[in-house]
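Read off the chains here:
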Amino acid sequence: MTANANGSYAYYPGCSLTKNAAAYDVSSRVIARALGFELNELTDWNCCGASEYFSLNQLPAYALVARNLALTASEGAKQVVAPCSLCYVNLYKTDKYMGDHADLNEKVNAALAAGKLAYRAGDVKVRHLLDVVVNDVGFDNVAAAVKKPLYNLRVAPYYGCLIVRPRTGFDDVEYPTTMDHLMEVLGATVVDFPLKAECCGGHMTQISDDVALELIRRLLHNATEYEADAIVTVCPMCQLNLDAYQDQVNRRFGTRFKMPILYFTQVMGLAFGMEPKAVAIGKEIVDARPALAKVTAEPPVQPKKKRRDKSALPMPSTEREG
Amino acid sequence: MTAQNGRRRFKHEVIDATPGGEQLTLCLQCGTCGGSCPSGADMDHTPRRIFAMIDADMKDEVLSSNTPWFCVSCYYCSVRCPQEIPITDLMYTLKQMAIREGRYEQRRASDFSETFIGYVESYGRAFEMGLATRYHLFHNPMKMVGMATGMGLSLLQKGRMSLTPERINNIEQLQAILNKAKQLSAGGA
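Reading the values: the criteria
- Residues numbered from 1 in each chain as written.
- Chains lettered and ligands numbered in written order.
- Predicted model: local features only at pLDDT ≥ 70, side-chain atom pairs only at ≥ 80, totals over all residues.
- Heavy atoms only, no water.
- Helix = DSSP H or I, 4+ residues; strand = E, 2+ residues; numbered from the N terminus.
- Buried < 20%, exposed > 50% of the residue type's maximum accessible area, 1.4 Å probe, protein only.
- Areas by Shrake-Rupley, 256 points an atom, 1.4 Å probe, with all protein chains shown as cover.
- Axes fitted to C-alpha atoms, helices over the stretch in contact; angles between N-to-C directions.
- Parallel < 35°, antiparallel > 145°, perpendicular 65-115°, else oblique.
- Contact = heavy atoms within 4.5 Å.
- Nonpolar A, V, L, I, M, F, W, Y, C, P; charged D, E, K, R; others polar.
- Core = buried A, V, L, I, M, F, W, Y, C linked by side-chain atoms within 4.5 Å.
- Phe/Tyr/Trp six-rings, centres within 6.5 Å; stacked < 30°, edge-to-face > 60°.
- Lys NZ or Arg CZ within 6 Å of the ring centre and 35° of its normal.
- Salt bridge = Lys/Arg side-chain N within 4 Å of Asp/Glu carboxyl O.
- Buried area = accessible area lost by both parts, 1.4 Å probe.
- Polar contact = N/O pair within 3.5 Å; in protein donor to acceptor, adjacent residues only side chain to side chain.

Draft legend 1. Spotlight on the overall build of chain B. When its secondary structure is counted, chain B shows 12 helices and 0 strands. Counting from the amino terminus, chain B carries its helices and strands in the arrangement α-α-α-α-α-α-α-α-α-α-α-α. Residues classed as buried in chain B amount to 49% of the 189 residues present. As presented, chain B carries roughly 8,600 Å² of accessible surface, and 51% of it is formed by carbon and sulfur atoms.

Draft legend 2. Fine view of the packing of helix H7 (residues 129-137) of chain A against helix H13 (residues 264-271) of chain A. Residues and elements named next belong to chain A. Their axes nearest at 11 Å, the elements H7 and H13 cross at an angle of 40°. Considered as vectors, H7 and H13 are oriented oblique to each other. Contacts between H7 and H13 involve Leu129, Leu130 and Val133 on the former and, on the latter, Phe264, Thr265 and Met268. In the contact of H7 with H13, the residues fall into 5 nonpolar, 1 polar and no charged.

Draft legend 3. Local environment of the nonpolar core. The biggest cluster of nonpolar side chains holds 145 residues, and the ones touching the most others in it are Leu130, Leu186, Phe264, Met268 and Phe272 of chain A. A per-element tally of this core places helix H4 (residues 58-74) of chain A first, with 10 residues. The contacts of Phe264 of chain A, once residues within four sequence positions are left out, are Tyr24, Leu129, Leu130, Val133, Met179, Leu182, Met183, Val232, Thr233 and Val234 of chain A. With 28 residues, the next largest nonpolar core counts Tyr158, Ile231 and Leu240 of chain A together with Met161 of chain B among its residues.

Draft legend 4. Looking closely at the packing of aromatic side chains. Scanning the model with the defined rule gives 11 aromatic pairs over all chains in all. Aromatic pair Phe54 of chain A and Tyr92 of chain B: ring centres 5.6 Å apart, planes at 40°, arrangement tilted. Of this pair, Phe54 of chain A sits in helix H3 (residues 53-56) while Tyr92 of chain B is found in helix H7 (residues 87-100), placing the two residues in two different chains. Owing to a relative accessible area of 1%, Phe54 of chain A belongs among the buried residues under this scheme. Following the ring pairs from residue to residue traces out a cluster consisting of Phe54, Tyr62 and Tyr97 of chain A together with Tyr92 of chain B. Directly above the aromatic system of Tyr175 of chain A lies the positively charged group of Lys196 of chain A, at a separation of 3.8 Å from the ring centroid. Over the ring of Phe253 of chain A we find Arg217 of chain A; its NZ or CZ atom is 5.6 Å from the centre of that ring.

Draft legend 5. Inspection of the pattern of salt bridges at higher detail. Applying the stated criterion across every chain yields a total of 24 salt bridges over all chains. Notably, a salt bridge pairs Glu214 of chain A with Arg217 of chain A, separated by 2.9 Å at the nearest N-O pair. Residue Glu214 of chain A and its partner Arg217 of chain A are located together in helix H10 (residues 209-225), separated by 3 residues, close to a single helical turn. Since its relative accessible area comes to 26%, Glu214 of chain A is described here as partly exposed. Its salt-bridge partner being Lys11 of chain B, residue Asp55 of chain B comes within 2.7 Å of it at the nearest N-O pair.

Draft legend 6. View of the interface of chain A and chain B. Listed per partner, the contact involves 67 residues of chain A and 63 residues of chain B. Carbon and sulfur atoms make up 59% of the surface buried where chain A meets chain B, a total of about 5,700 Å² over both sides. At the surface where chain A touches chain B, the tally comes to 3 salt bridges. Between Glu174 of chain A and Arg80 of chain B there is a salt bridge, with the nearest N and O atoms lying 2.6 Å from each other. For the interface between chain A and chain B, the tally reads 28 residue pairs in polar contact (both at pLDDT 80 or more). For the side of chain A that touches chain B, the elements supplying multiple residues, two or more each, are helix H1 (15-18), H3, H4, helix H5 (85-100), helix H6 (102-113), H10 and helix H11 (236-244) of chain A. The element best represented in the side of chain A that touches chain B is H4 of chain A, accounting for 7 residues. When its residues are assigned to classes, the side of chain A that touches chain B shows 33 nonpolar, 19 polar and 15 charged.

Structure below.
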């Protein structure tokens, strides 16, 4: 493991995880414990401003985020972990922009000084929890913790936007795969999910039903087409939109989606043999129990390879190399 | 002042207010942004056209359009732009300018942001329940009925919505920082 020397991180839960996405908070903390790293909640952290403050006034928006970075640095932590993609991108972007733009850096620090704080860009490394699990803990250590593999559970890994964009560097900006691999390590069957990095609509549910519900419908439709039992997400906004608005999508479009939306940490906890309640299964509005009941003790039987029809026209081989 | 400078005045205001905004001068009008935009179909003008309008100094038309408000901040345009223009950040700048100048006529989106931030400035934390009730009471009372019986009720029953806001301890410190930032922001972006 290549975490901090003591295997600990400052933990920035963000507002969603205190209530609406409490399931994500609970499950993040228990899988961290199971994997042997520490999440130390940042003292007196404040809201990151979501996408709202940047729309009103950019300088206070950066200053709002920078207070959290300054507090992290003053606690002596070198890395801060955010499970919420929006918090993550705001923290990441503020640190990066303060480093890239001297004028912004100067003004943000002048604002911080009014609160007797200061922050030097680069002093805190901002990480998403998925990044920590995949790159610091690593797939081998995750595999070693699996006690109840999720055989036959078909999952669609949904990354959404902000974990990969703007360029945060730990996975592909358009077709990320780290969570796919993580789900395979847990024993689940990963379905292809072409819309895996498309937008869930963000706050558009509050502004335009026309825009938001169509974006949500597309995602649910795509995962359903590929016969997923559940969508697995890394962001509370994505979870809320796909879960809580699913009923409205069904009413508006005459669809019958019944797709449970789980956090990747909940799925990890289940694979680690934890009770569903320990990872807050049951907080989702679309019930996940029917999907979870599909998990079997035996791995899925691989379909037998068909013998090639020698009289058929020559076709390129579809078998993977290596 | 030359005619050229006068014509581009708005463009420079936009650029100056955006970290990395100077990339905008490199726009090729290729349209990759509009083609990548998940809400482009519902915008008055695609981002590409907005940039052409900025170049043509069409300040009123740009600031009164719904385009920046329908930006979902997905950053697809930003990562695909061959000229590395920070398009999402430019949309934030346009929203900010539209609010300051009172241009945007459908107030739904800007009121949502203002209500959200009102709670953050008072408590240091977001407050979904307060946001939903205050914002919808004003803009869409019928939606309140739906909230109370449908989705809102489900979230309450699942313990996913607080009835009271949380407050950080050192709210005075946060407010001092934000006030200073607002002061600096008023004296130039």
